[in-house]
Structures are given as C-alpha cells and as structure tokens.
Amino acid sequence: ATMLRRNLKHQLRYPSVTVMLVAMPIVFLLLFVYVFGGQLGAGLGAHHAVHGDRTAYITYVVPGILILTVASAALGTALSVATDMTEGIIDRFRTMAIARGAVLTGHILGSLIQTVLGLAIVLGLALAIGYRPTAGPLAWLGAFGVLALFSLALISLSAALGLAAKSVETASNTPMFLTLLPLLSSGFVPTSTMPGGLRQFAEYQPYTPVTQTVRGLLTGTPTGTHAIAAIAWSLGITAVSYLWAVRLYNRRRAADPK
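Note that the coordinates shown come from a computational prediction; the quantities given were computed from them, not determined experimentally.

**A word on the overall build of the protein chain**
In terms of regular secondary structure, the protein chain is built from 12 helices and zero strands. For the protein chain, the α and β elements follow one another from N to C terminus as α-α-α-α-α-α-α-α-α-α-α-α. For the protein chain, the C-alpha radius of gyration of 19 Å lies close to 18 Å, the compact-globule estimate for 258 residues. Counting only C-alpha atoms, the protein chain reaches 65 × 35 × 35 Å along its principal axes. In the protein chain, buried positions account for 44% of the 258 residues. By sequence separation, contacts in the protein chain at least 24 residues apart represent 78% of the contacts at least 6 residues apart. In the protein chain, the 17 positive side-chain charges and the 7 negative ones have mean positions that sit 6 Å from each other.

Set out below in structure tokens:
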C-alpha cells in the first residue's frame with residue numbers, strides 16, 4: 001500500500017507523463033477516423049456486411065485504439081522502474097523492513113490505475129466523436145475485465161523490461177514493440193485483408209484475440225474462441241513477466257555492493 005501510494009503521488013506530481021502516454025492513442029483515433037475512416041470504412045462493407053462509411057469504421061477501430069492505449073500506458077512502467085533502479089532509492093528501501101515484491105507490486109498497481117484513467121479519457125473522446133457501442137452492463141463489465149487483465153499482463157512485462165534495461169534511456173526504447181504490435185493485429189483492419197504470412201502472424205499474436213473479444217463484447221457480436229485465447233495470453237504473460245521481474249530484481253540486488 002505504501003509503494004502504491006508513492007507511485008500514485010509521482011503520477012500526480014508529473015501529470016505530463018500520463019498526458020504523453022494517452023496522446024498517441026488519441027492522435028491515432030483522430031487520424032484513422034477522420035483521415036482514413038471513409039476509405040477504410042468502405043472496405044469494411046465487403047468484409048463485415050455493414051454500411052461502409054466513417055461511422056462503420058469508428059465502430060470497428062475503437063476497440064483497437066483501446067488496446068493501443070493499454071500498450072502505450074505500459075511504457076511508463078519501464079521508465080519508472082528503470083528510474084528507481086538507477087537513482088539509488090532501491091538501496092534505501094533495502095535497509096527497511098519491506099516485502100521483497102512490494103516495490104514491483106506498487107509500480108504495477110500504480111500503472112494499472114494510470115491505464116484505467118487513460119482508457120476512460122480515450123473512450124470518452126471516442127463517444128464524443130460518434131462511437132456508439134451496443135453493449136449491455138454485463139458486456140461492458142466483461143470488456144473492462146479483459147482490458148484490465150491484458151493491461152496487467154503488459155504492465156508486468158514492461159516492469160521486467162525496465163529492470164533488464166541498463167539505463168533509463170534504454171528502458172524508454174526497449175518496450176516500443178508493445179505499441180507496434182497493435183498495428184499488426186485486427187485492431188485497424190481485418191486480418192483477412194493482409195498477405196498470407198502477415199495474416200497468420202496477426203491472427204496468432206496476443207493482440208488480435210484481445211481486440212476481437214473487446215470488439216465482440218462492445219458490439220454484441222459473438223467472440224468465439226477469442227475470449228479464451230485472450231484470457232490465456234493475459235494470464236500467461238502476467239505470470240512469466242512477474243516471475244522474470246522478481247528474478248531480475250533479486251539478481252540486481254545480489255550484485256549491488258552493500
């Protein structure tokens with residue numbers, strides 16, 4: 001609880017970091033809806049039997065933008081963890097009676113709260129420009145649960161990458177692939193429109209089942225096996241990443257001189 005409060009205070013002290021993490025998804029939302037939305041929406045008509053226009057595309061793309069928001073917000077975790085590891089504050093924590101996983105857990109939970117705030121901002125903007133989901137209360141709860149679970153997975157992975165980085169500068173670049181993978185998924189265009197090799201990669205990477213699950217829940221369409229795959233990917237990434245992060249933290253601790 002103390003470490004969580006510490007990270008939340010850092011976020012309040014430096015709100016520009018949260019703004020920067022949310023800015024990219026907002027730019028992508030406005031760009032794809034108002035610049036590419038008409039043409040891409042027309043293409044959706046052949047694949048999804050919906051009216052091919054900007055309204056159809058905003059319905060399709062918003063779940064992908066929400067996933068991009070999750071990935072973008074996770075980048076801040078790597079930076080904050082790397083900053084702690086390089087500025088000497090961890091050495092002070094080691095002299096106190098603090099549980100071994102408290103520092104990492106505080107970072108992860110603080111980033112999760114930051115991500116939820118970012119999702120609320122992006123979703124609010126999407127609603128303001130015309131996004132109209134048809135989900136009921138249970139579907140909204142399910143979509144939020146999937147987003148929160150996937151957020152936890154990416155944040156845990158980002159924390160491990162921050163620990164593995166040798167400097168804050170390295171930590172700012174290492175997790176960048178997390179924001180590129182949504183572009184190679186079903187977040188912005190159907191995977192059926194992609195070339196063969198790219199289509200297979202897009203269909204079997206974790207972002208696609210998560211995006212398809214959120215899209216299905218918010219639009220009232222079947223999610224098929226995507227929901228099972230999304231939960232499995234999220235739980236697997238979370239478990240492996242957290243264990244990796246704890247191991248890295250302990251190894252760096254053992255290597256530090258007293």
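Having seen the model, we can carry on.
**Looking at the packing of aromatic side chains**
For the structure on display, the rule yields six aromatic pairs. The structure contains a cluster of three or more aromatic residues connected by ring pairs, namely Phe28, Phe32, Phe36 and Phe188. The aromatic ring of Tyr60 is capped on one face by Arg215, whose charged end is 3.7 Å from the ring centroid.

**What to know about the side chain of Ser234**
Its place among the elements puts Ser234 in helix H12 (residues 226–255). Here Ser234 is in contact with Leu149, Phe150 and Ala153, once residues within four sequence places are set aside.

**A closer look at helix H1 (residues 2–13)**
Between the first and last C-alpha of H1 there are 16 Å, a value that for 12 residues agrees with the 16 Å anticipated at 1.5 Å per step. Among all positions of H1, only Met3, Arg6, Asn7 and Gln11 are buried. Taken down its axis, H1 places every buried residue within 140° of arc, on the same side. Looking at H1, the residues exposed on the side facing more than 90 degrees away from the buried face are Thr2, Arg5, Leu12 and Arg13. Against helix H2 (15–34), helix H4 (54–87), helix H5 (89–94) and helix H6 (102–128) lie the buried residues of H1.

**Remarks on the nonpolar core**
Counting residues in hydrophobic clusters, the biggest one holds 56 residues, and the most contacted among them are Leu66, Leu154, Leu163 and Tyr207. Those elements that place two or more of their residues in this core are H2, H4, H5, H6, helix H7 (137–164), helix H11 (207–219) and H12. Ranked by residue count, the leading element in this core is H4, at 14 residues.

Definitions and cut-offs
- Residues numbered from 1 in each chain as written.
- Predicted model: local features only at pLDDT ≥ 70, side-chain atom pairs only at ≥ 80, totals over all residues.
- Heavy atoms only, no water.
- Helix = DSSP H or I, 4+ residues; strand = E, 2+ residues; numbered from the N terminus.
- Rg over C-alpha atoms; globule rule 2.2 N^0.38 Å.
- Buried < 20%, exposed > 50% of the residue type's maximum accessible area, 1.4 Å probe, protein only.
- Contact = heavy atoms within 4.5 Å.
- Lys, Arg positive; Asp, Glu negative; His and termini not counted.
- Charge placed at Lys NZ, Arg CZ, Asp CG, Glu CD.
- Phe/Tyr/Trp six-rings, centres within 6.5 Å; stacked < 30°, edge-to-face > 60°.
- Lys NZ or Arg CZ within 6 Å of the ring centre and 35° of its normal.
- Expected span 1.5 Å × (residues − 1).
- Arc of directions from axis to C-beta.
- Core = buried A, V, L, I, M, F, W, Y, C linked by side-chain atoms within 4.5 Å.

Everything listed here is a matter of geometry and, on its own, says nothing about what the molecule does.
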